[in-house]
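Descriptive structure summary
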Amino acid sequence: MKKIKGNCLCGAVSFEVINTFEKLFLCSCDQCRQITGSAFASNLFVDINGFDWCGGVDKIVKYQIPERDISKSFCQVCGSGVPWINGDATKMIVPAGSLSAPVDVAERVRIFTAEQPLWASNLEQVCAHAAFPD
């Protein structure tokens, strides 16, 4: 199986993962929006056996939301989100934006859309630019 590489923004944390993802969750819950500072978190789920750290594990910090099965792992150098193990230790949750190549994903699902802010609605109707507009 083909592996793809991923890393944090500064490159201190790196990993490889089999490019066969079960699910991509686009989550708009309040906690995921706060963790990412965006309209939703984009997380891929893959079997833990298809994942390997390449470097920088000592640079990872994990924040666990008290009394919830929601956490965030990030690079202590640049703050970028990095993969973490789910609650029952069977899956790695990989931030989609941390990967260096296109992904093969079986299912894409938007979740907690009831908590999506109005400013993140109908984005397909917003003007799009390849770079900063003039």
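Residues numbered from 1 in each chain as written. Predicted model: local features only at pLDDT ≥ 70, side-chain atom pairs only at ≥ 80, totals over all residues. Heavy atoms only, no water.

Moving on to the overall build of the protein chain. Secondary structure assignment for the protein chain yields 1 helix and 11 strands. Reading the secondary structure of the protein chain in the N-to-C direction produces β-β-β-α-β-β-β-β-β-β-β-β. Since a compact globule built from 134 residues should have a radius of gyration of about 14 Å, the 15 Å found for the protein chain is in line with a globular shape. Its C-alpha atoms give the protein chain principal-axis dimensions of about 40 × 40 × 30 Å. (Helix = DSSP H or I, 4+ residues; strand = E, 2+ residues; numbered from the N terminus. Rg over C-alpha atoms; globule rule 2.2 N^0.38 Å.)

For the rest of this paragraph, the subject is the packing of aromatic side chains. Throughout the structure, instances matching the rule amount to 4 aromatic pairs. Ring centres of phenylalanine 15 and phenylalanine 51 lie 5.3 Å apart, and the angle between their planes is 25°; this geometry places the pair in the stacked category. With phenylalanine 15 in strand 2 (residues 14-18) and phenylalanine 51 in strand 5 (residues 51-55), the pair connects residues that are 36 residues apart, well separated along the chain. There is no split in this pair, since phenylalanine 15 and phenylalanine 51 are both buried. An angle of 80° between the planes, with centres 6.1 Å apart, marks the rings of phenylalanine 15 and tryptophan 53 as edge-to-face. Note that phenylalanine 15 is positioned in strand 2 and tryptophan 53 in strand 5, a separation of 38 residues in sequence. Through successive ring pairs, a cluster of aromatic residues spans Phe15, Phe51 and Trp53. (Phe/Tyr/Trp six-rings, centres within 6.5 Å; stacked < 30°, edge-to-face > 60°. Buried < 20%, exposed > 50% of the residue type's maximum accessible area, 1.4 Å probe, protein only.)

The full count for this structure, using the stated rule, is 5 salt bridges. Measuring nitrogen to oxygen at the nearest pair gives 2.4 Å for the salt bridge that ties lysine 3 to aspartate 52. Within this pair, whereas lysine 3 is found in strand 1 (residues 3-7), its partner aspartate 52 is found in strand 5, the two being separated by 49 residues in sequence. Between glutamate 22 and lysine 91 there is a salt bridge whose closest N-O contact spans 3.2 Å. Here the residue glutamate 22 occupies a position in strand 3 (residues 21-27), and lysine 91 occupies one in strand 10 (residues 91-95), the gap between them amounting to 69 residues. Judged by its relative accessible area of 19%, lysine 91 is buried. (Salt bridge = Lys/Arg side-chain N within 4 Å of Asp/Glu carboxyl O.)

Now for unusual backbone geometry. Here the phi dihedral of alanine 89 falls at roughly 60°; this positive angle occurs in a residue that is not glycine. When you line up the elements, alanine 89 lands in the loop between strand 9 (84-85) and strand 10. Look at phenylalanine 112: it is not a glycine, yet its phi comes out positive at around 55°. Turning to its location among the elements, phenylalanine 112 is positioned in the segment after strand 11 (105-111).

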